[in-house]
Every structure is written in C-alpha cells, then in structure tokens.
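Each chain, written out:
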Amino acid sequence: QVQLVESGGGLVQPGGSLRLSCAASGSGFSINAMLWYRQAPGKQRELVASITSGGITDYADSVKDRFTISRDNAKSTVYLQMNSLKPEDTAVYYCNVDWTDGPSGLSRRSWGQGTQVTVSS
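Starting from 1, residues in each chain are numbered consecutively following that chain's sequence as written. With pLDDT at 70 or above as the cut-off, local features in this predicted model cover only qualifying residues; side-chain atom pairs require 80 or more to be listed or tallied, and sums for whole chains, interfaces and linings still use all residues. Note: side-chain values were computed over all heavy atoms of the structure, leaving out hydrogens and water.

Chemist: Just checking my understanding: could you explain the state of the cysteines for this structure?
Modeler: In a disulfide, the sulfur atoms of two cysteines are held together by a covalent bond. By convention in this document, the label disulfide applies to cysteine sulfur atom pairs within 2.5 Å. Evaluated as defined, the whole model comprises one disulfide. Disulfide pairing places C22 opposite C95 at an S-S distance of 2.0 Å. Negative torsions about the S-S bond denote left-handed disulfides, and the value of about 45 degrees found for C22 with C95 makes this one right-handed. Of this pair, C22 sits in strand β3 (residues 18-25) while C95 sits in strand β9 (residues 91-101), and the two are 73 residues apart along the sequence. With respect to class, C22 is no different from C95; both count as buried. A helix here means a DSSP run of H or I that spans at least four residues, while a strand means a run of E at least two residues long, and both kinds are numbered starting from the N terminus. Whether a residue is buried, partly exposed or exposed follows from its accessible area with a 1.4 Å probe, protein chains only, as a fraction of its type maximum: under 20%, in between, or over 50%, in that order.

So, in structure tokens, the structure goes:
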C-alpha cells in the first residue's frame, strides 16, 4: 500500500503564492500519474493538475498560467506551485497517485489526507 503525506497549505493573501508537496511512501510499487484535486465548500471535487510518469502536464482552465505541477521521481514527491492566488482558489487540496503494485502488477490509486488553502485578505 502507498501512503501519501501532504504539506504546504495555509492562509495567503490574494496575489500570493503557496507550494504544496505530497510525498509517497511504501515499498514494492512504481508511480504512474500524479494528480492534484481540490474541493471547495459545497462544491464537487475537481481535478486541478496532473503529471504523467514522463512529465507531461495538464491543467484545469481555471489555473492555467498560475499553477505549475512538477514531480521528483527520486523522492516520490509531487509539487503544486500556486502563484497569483485568488479567493476562488480557496479549497482543500488533495493529491492523488496512480501506482502499480510490483508483486501483483495491479494498478491502484491512493489519496492524500488533504491540506487547506485559504486565500483571503
């Protein structure tokens, strides 16, 4: 099983920046895609950004040109650099990792615990 630990959330003023991190731990697995989702109060969880094992990235239109997803494969960690933050970015942010179990060859998904991002003056 893969465990994910997130960090980096907090309170920031509009126009500010935050960097989220999500580290995967466990044994006998290989990581495929790594993704960030967010869920605002009263809204459905939405996909924010994704990065494949080959480094191909994709973003929701609402965060393009403001957010950057990256990964460090040696550290099994995915990052989300968030710039020019807006109040509407306020949400709980979750990382999600698609991974393959070595012994079985099965593909599985794990979720982080979530980290609160609040953008307010």
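Chemist: Please explain the sheet that holds β3 as it appears in this structure.
Modeler: In any sheet, the strands associate via hydrogen bonds between backbone groups, in a parallel or an antiparallel arrangement. For two strands to be treated as a pair, DSSP must find no fewer than two bridges joining them. An order of β1-β3-β8-β7 is seen for the four strands of this open sheet, with the pairing classed as antiparallel. Only two strands of the sheet have a single partner each, and these edge strands are β1 (3-7) and β7 (67-72). For this sheet the average axis-to-axis angle between neighbouring strands, irrespective of direction, equals 15 degrees. Relative to β3, β1 runs antiparallel, the two being bridged by five bridges. The residue of β3 that forms the bridge with L4 is A24. Here, axes are lines fitted to C-alpha atoms. For helices the fit covers the stretch in contact, and angles between N-to-C directions go from 0 to 180 degrees.

Chemist: When you look at the pairing of strand β10 (residues 107-111) in this model, what are you seeing that I'm missing?
Modeler: When a strand is regular, its side chains alternate between the sheet's two faces. Here β9 runs beside β10; their pairing, made up of five bridges, is antiparallel. Its bridge partner being in β10, D98 is matched across the sheet by R109. Counted along the chain from β9 to the antiparallel partner β10, the turn is five residues long, and its residue G105 has a positive phi close to 80 degrees.

Chemist: Quick question: what am I supposed to make of the packing of aromatic side chains here?
Modeler: Pairing of aromatic side chains requires ring centres within 6.5 Å, counting the rings of Phe and Tyr and the six-membered ring of Trp. Pairs whose planes differ by under 30 degrees are stacked, by over 60 edge-to-face, and all others tilted. Tallied over the full model, the rule gives three aromatic pairs. A ring pair is formed by Y37 and W111, whose centres lie 5.0 Å apart and whose planes are at 55 degrees; its orientation type is tilted. Remark: W111 occurs in strand β10 and Y37 occurs in strand β4 (residues 29-39); sequence separation between them is 74 residues. The partly exposed category is assigned to W111, whose relative accessible area is 40%.

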